[in-house]
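Structural overview for review
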Amino acid sequence: MAKTPAGIEIPEIIPDKCIGCQICISKCPVEAIKLTPDGKAWIDPEICEGCGQCAEVCPVEAVDLDRTERIKAGKRLRDKPFTPVSGQVVSVYIEIRNGKAADVSWELVGKARELADKLEARLAAFVLGSDVEEFCARAGSLGCDEVHLLEHDTLKRYVSSLYGHALSELAHKVQPEILLMGATSHGRDLAGVVATHLKTGLTADCTGLDIEEDSGLLLMTRPTFGGNIMATIFCENHRPQMSTVRPKVFPMPGLNEKKWKLIRHAWRPPESSVPELIAFIEDKSLLGIDITEYPVLIVAGKGACSKDSFPLLEELAGLLGGVVACSRPVVESGLMPYERQVGQTGKTVAPKLYIGVGVSGAIQHRVAIQGAERILAVNNDPDAPIFQVADAGIVGDYAQVLPELISRLKAKVKNHE
Amino acid sequence: MSECCDVVIVGAGPAGISAACILADHGVETIVLERGEFPGSKNMSGGVLYGHDLARIIPDFAERNCPIERNIVESRIWFTSKEGGYSLAYRDRIFEEQRRHNVFTVGRARFDRWFAEQAGQKGVLVVCGTVVTDLLKDESGKVRGVRTDREQGELEAKVVLLADGINSLLAAKTGFRPEPDPEHVALAVKEIIGLPEETISERFNVAPEDGVSIEILGSVTRGMNGVGVLYTNKNSLSLVIGGNLKDFARLRLKPYELIEDFKTHPMVAPLIKGGKPREYLAHWLPEGGYDHVPRLYGDGYLIAGDSGMLFNALHREGSNMAMVSGKIAAETIIQAIQKSDFSSESLGVYAQRLKDSFIMKDLKKYRRFPGFLQKHEDIFNTLPDSLSMAARDMLTVDGVDKKTKQSRSWKMIRSKTSRLRLLRILFNAWRSVK
Amino acid sequence: MHIVCCLKQVPDTADVKIDPETNTLVREGLESILNPYDLVAVEMAVRLKEKHGGRISALCMGPPQAQSVLRQAMSLGADAGILLSDRAFAGADTLATSYTLAQAVLILNRKTPVNLIICGKQAIDGDTAQTGPGLATRLDYTQLTYVTAVESFDPKNKLIRIKRRIEEGQEILEAELPALLTVELESARPRRASLPELIASMRKDIEVWDKKKIEGDANQLGIKGSPTWVRKMGAPPPRTSGPRFEAAKGLREAVDQSLDIIFADGFMAEELGIPTGVHHGKDSRGN
């Protein structure tokens, strides 16, 4: 290992391993790392302070830094070993839109219960709006210890600044360790406001949450680089640890007989102008069918990207009570709308059954379907990566396989009648 | 009013950028128009470059982190039969020591980009994502600029240098270069095979930064008039094999079959064993060569590099010829600017200087080679096998004395190829490259 | 009238792949591009400028190489490009990024009051969609996310009317300026720069602002001002694969065998009305 002129041990880039992803460059606090014209990272020993963050984030272990030193350095970063502190709170924001709560909020209540148990903390729900008390009971019945209700007329309609102000104030009062929200358009709009008010860290769009055992920190996992890499992120010194989480990542929790209490909060809205709603054009078509709502997805990929395939796909979907979705190339070809796209840039899905037809299974697609209970893949390329995640696969042309699949399924279902 | 500058160069490849660098060094205001989103984006292939030629444009290229894959320290020529072949290798310590960077391999996508950055630092504007659709001419037919596919896309210049490569849209459109006839079109197939760096160094018996290039003749082209090439990159091998388009048609060969076959040849297979195919591409290119070089200059324009057919399908030194021709073109333009004379006559110096350079000499030297290969198909079919049988016989230890073996071999070769024919092949081969 | 566009240079994620065999990142010429959403933001700003006059400042935080995205914005019609580049800015998460941008906007605002900030909805390398809301909150601008169209713009009366997309449809909102919009991809189709604009943009200077220029508080900048840290990166967790059947070797067998596996253990039997354990009931792991 190299040393700086001052004798500090500093990491070195192993050029052969370096793939030039530049993650280390963005993480280096002193900008000691540069990209050479041949696309490799290079650490300037004059500038480097040996903090080792580059080694920490390097996805291919191209940073040569003594591992034990690194771990020590990492430990030093954290204050003390973790022991659960009594009186801590894990919280979930319950998203209510047009008199309906978003499912993801309940999914998060379920997950947050787990996290709270690990931390021996209380679980709190934040319910905001106008005339929304009915949702408190639901939150309580799914495992919350306390439900904080903030009602005000101005919260009838969602306005970023008002909701942001109200939720920030609630968080200020309750002082939660963790605050979770759904990564819906509403949740993402609000989370940025709240995190900025509270001056805390926010990890958006997570697909995994856990508590790190020795530190008690919330580990938030999210796909990055268009879903090609999973990053685990933590927020060490700021509270609450905030995260927005994708819908359908966690299962809907069951009923919990626990006792809970309702805490009402008063609030005075800030005196600022509020956007005026001039018109609302209801347009469900824009949203299309919500593919995440269906138990069975028949997903068309590049290999089935043809008008001829659709009658077969529709028939199969009809037979199984599902809906036809697709991967990116099909959207790009204009055959299906964006709303039907599965994949990192599209939607994460967790159906009971996923049938991929001509889907090659690029990594972002595979990530997006990993919540599926069972996966069947049909593809004429035996090396298609989709087979790596499929419970069963059929190597063959969809034009032959689908009719047979449909007829065999019909026979199966008929047997029963 | 349209934009203007001293020189417009079409294409940010080796020819165009070489010219741009030289022009910028002399304070000539130069704009390079590139149709790709960045230089090299349209160029996935790798290539072999000569340090000597690059140094005449960027003397300190090695210090400027030129993205070199491997220095070629050993050149091999193989003469193959179906089951094996002869190998002739030459290695010289001088290429590992004093004359490092004599010849080296580069990934063109990365090299082109680096090269264009050097030009940018010299003050050249490299404008990407812009396609030149036509040339602007005045009443007398003198080229006075270019038209691009962008709005208000005319750009006027004292001289236009066409360096937009082998598949130049402009060359075809403007008629400066005649379309090659099918007889003189080669089809090349290329595959990049990924292997760990250490494995390559081990298999080719070279240091980590050094490499080998192999030119392969004989049965690998399945009797076609063509050649195979294999060279080492940092962590991949480039395999190229190509032949005359007419032969592909005649033999009903599919390009990917040819390269698959090539990969299973007993001399090739062990070198690429365990490798992972990274890229495959097939493309056609004119065979080029001395007899196909068009007029490379005219009123207000010059042509350099591949678009001027300044390459040799057999020797594939396109990138080097491109750089040198770009440099000479730039020097010609500088003189023309000093004289303020951009006529065909003034720019014609370019052709004369090219003739005096190694480019035309080399092209001339190999002038008869394509024809020779065409007339002597034996080289690609019967002869390799006969010669191989002879060697196999000679090297097999079976109690038969060498003299008997020798005469047996001769008999066999002669039964397939007459003595006279053999003599003629040798003579013609020698003459064609003399 | 002064519009600020906030830009980010991002890797072209289409190029980043993980080798399925070795589970490492494959990088073949990873390109840096202007975030496509931000390109739309610039287009929207240019259209407003064409109609109402005024000035567009493009703002980008990043390393020196990021000036290429500012040039691109200028080739499309931005009047000035400002690169926020300083060692101290590096490693910023959304909180620190919105702080840095906010400081820069405040400086710009002193010279020519800013009426509107337009950002892309999200960056394709992070997909967080949080910097816009963070910036609006810091500056106390009206926050308008997921905007698909500007219906009217009236800087004199400090009013803007926009259309924005939410789950159930489109809202038309009228709000006070100054405001911050985050825009959807479909809101404007970016133009192609003309040749003179493109050449001119390459000749223009890019202003580089460091932490002193933006009067930044060192504790709120870059990695120091970022509460979140990346602990580790890796390929997504694997899922085990089942058998593959070749249709060429018998279509019916392939279909039947794979259906048996999928519907084993009475999976979905109830919903679909598939009999359990009768014909295909060899597998009784679940019972």
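Up top is the structure.
Here is a short report on the structure shown in this document. (Residues numbered from 1 in each chain as written. Chains lettered and ligands numbered in written order. Predicted model: local features only at pLDDT ≥ 70, side-chain atom pairs only at ≥ 80, totals over all residues. Heavy atoms only, no water.)

**Remarks on the sheet that holds strand E17 (residues 241–245) of chain A**
All names here are of chain A. If you trace the seven strands from one edge of the open sheet to the other, you get E13-E17-E12-E7-E10-E11-E18, paired in parallel fashion. Lying at the two open borders of the sheet, with one neighbouring strand each, are strand E13 (202–206) and strand E18 (261–265). Geometrically, the sheet is characterised by an average inter-axis angle of 20° between neighbouring strands, direction not taken into account. As paired elements, strand E11 (residues 146–151) and E18 share five bridges and run parallel to each other. Looking at E18, one finds that Glu-146 is bridged to Lys-261. Here helix H4 (residues 103–119) sits on the sheet in contact with strand E7 (89–94), strand E10 (122–129), strand E12 (178–182) and E17, set at roughly 180° to E7. Along the sheet, helix H7 (residues 185–198) contacts E7, E12, E13 and E17; its crossing angle with E12, the most-contacted strand, is approximately 150°. (Pairing = 2+ DSSP bridges. Helix = DSSP H or I, 4+ residues; strand = E, 2+ residues; numbered from the N terminus. Axes fitted to C-alpha atoms, helices over the stretch in contact; angles between N-to-C directions. Contact = heavy atoms within 4.5 Å.)

**Digging into the environment of Thr-154 of chain A**
All names here are of chain A. Structurally, Thr-154 is set in the loop between E11 and helix H6 (160–174). Residue classification places Thr-154 among the partly exposed residues on the basis of a relative accessible area of 32%. As for Thr-154 and Glu-315, which are separated by 161 residues in sequence, their C-alpha atoms are 48 Å apart. Leave out the neighbours within four places in its chain, and Thr-154 touches Leu-162, Trp-267 and Pro-269. (Buried < 20%, exposed > 50% of the residue type's maximum accessible area, 1.4 Å probe, protein only.)

**Looking at the packing of aromatic side chains**
Residues and elements named next belong to chain B. Per the stated rule, a full pass over the model turns up six aromatic pairs over all chains. Taking the centre distance of 6.2 Å and the plane angle of 10° together, the rings of Trp-114 and Phe-115 count as stacked. Looking at Phe-115, the relative accessible area reads 1%, which means it is buried. In this arrangement the basic side chain of Arg-295 is found over the ring face of Tyr-297, its NZ or CZ atom lying 4.6 Å from the centre. (Phe/Tyr/Trp six-rings, centres within 6.5 Å; stacked < 30°, edge-to-face > 60°. Lys NZ or Arg CZ within 6 Å of the ring centre and 35° of its normal.)

**Comments concerning the interface of chain A and chain C**
On the chain C side, the residues contacting the 110 residues of chain A number 93 residues. Carbon and sulfur atoms make up 58% of the area that chain A and chain C hide from each other, which totals about 9,200 Å². When the buried surface of chain A facing chain C is broken down by residue, Arg-188, Arg-374 and Lys-412 of chain A rank first, second and third, together holding 8% of it. Where chain A packs against chain C, one counts five salt bridges. For Glu-404 of chain A, the salt bridge goes to Arg-252 of chain C, with nearest N and O atoms at 2.9 Å. The interface formed by chain A and chain C contains 20 residue pairs in polar contact (both at pLDDT 80 or more). A per-class count over the side of chain A that touches chain C returns 54 nonpolar, 30 polar and 26 charged. (Buried area = accessible area lost by both parts, 1.4 Å probe. Salt bridge = Lys/Arg side-chain N within 4 Å of Asp/Glu carboxyl O. Polar contact = N/O pair within 3.5 Å; in protein donor to acceptor, adjacent residues only side chain to side chain. Nonpolar A, V, L, I, M, F, W, Y, C, P; charged D, E, K, R; others polar.)

**A closer look at helix H2 (residues 67–76) of chain C**
Of the positions making up H2 of chain C, those classed as buried are Val-69, Leu-70, Ala-73, Met-74, Ser-75 and Leu-76 of chain C. At the exit of H2 of chain C stands Gly-77 of chain C, carrying a positive phi of roughly 135°.

**Topic: unusual backbone geometry**
Residue Pro-240 of chain A follows Arg-239 of chain A across a cis peptide bond; omega there is -5°. Here the residue pair Leu-177 of chain C and Pro-178 of chain C is connected by a cis peptide bond, since its omega of -5° sits within 30 degrees of zero. Positive phi, close to 55°, is recorded for Gln-175 of chain A, a residue that is not glycine. Phi angles above zero are rare outside glycine, and Asp-140 of chain C is one such case at about 60°. Mapped onto the elements, Asp-140 of chain C comes out in the loop between helix H4 (131–139) and strand E9 (142–154). When its relative accessible area of 64% is taken as the criterion, Asp-140 of chain C is described as exposed.

**Focus: the nonpolar core**
Nonpolar side chains in soluble globular proteins tend to end up buried together. Grouped together as the largest cluster of nonpolar side chains are 115 residues, with contacts concentrated most on Leu-54 and Phe-115 of chain B together with Leu-7, Leu-116, Ile-118 and Ile-160 of chain C. Here this core takes ten residues from helix H10 (residues 318–339) of chain B, the largest share from any one element. Not counting residues up to four positions away in its chain, the partners in contact with Leu-116 of chain C are His-2, Ile-3, Val-4, Leu-48, Phe-153, Ile-160, Leu-177, Ala-179 and Leu-181 of chain C. Membership of the second largest hydrophobic core comes to 38 residues, among which are Leu-312 and Ile-355 of chain A together with Phe-245 and Val-255 of chain C. (Core = buried A, V, L, I, M, F, W, Y, C linked by side-chain atoms within 4.5 Å.)

**Observations regarding the packing of H2 of chain C against helix H5 (residues 195–203) of chain C**
In helix packing, the relevant descriptors are the interaxial angle and the interaxial distance, both defined with respect to the helix axes. Residue and element names in this part refer to chain C. Across the interface, H2 lies against H5 with an axial gap of 8 Å and an inter-helix angle of 140°. In terms of orientation, H2 lies oblique with respect to H5. Seen from above, H2 lies across H5 with right-handed handedness. Together, Arg-71, Met-74 and Ser-75 of H2 and Glu-197, Leu-198, Ser-201, Met-202 and Arg-203 of H5 make up the contact between the two elements. Looking at the contact of H2 with H5 residue by residue, the class counts come to three nonpolar, two polar and three charged. (Parallel < 35°, antiparallel > 145°, perpendicular 65-115°, else oblique. Left-handed = near helix turned anticlockwise from the far one by under 90°.)

**Concerning the side chain of Ser-215 of chain A**
Its location among the elements puts Ser-215 of chain A in the loop between strand E14 (208–211) and strand E15 (218–224). Ser-215 of chain A gets classed as buried once you look at its relative accessible area, which sits at 12%.

**Topic: the packing of H6 of chain A against H7 of chain A**
Residue and element names in this part refer to chain A. Packing of H6 against H7 brings their axes to within 9 Å, and their N-to-C directions diverge by 50°. By the angle between their directions, the pair H6 and H7 is classed as oblique. In the crossing of H6 with H7, the sense of the turn from one axis to the other is right-handed. Along the contact surface, H6 presents Ser-160, Tyr-163, Gly-164, His-165, Leu-167, Ser-168, Ala-171 and His-172, while H7 presents Asp-189, Leu-190, Val-193, Val-194, His-197 and Leu-198.

**Details of the side chain of Asp-164 of chain B**
Residue and element names in this part refer to chain B. By the secondary structure assignment, Asp-164 is in the loop between strand E10 (154–162) and helix H5 (169–174). We classify Asp-164 as buried; its relative accessible area is 19%. Those residues in contact with Asp-164, other than ones at most four positions away along the chain, are Val-10, Gly-11, Leu-169, Leu-170 and Ser-307.

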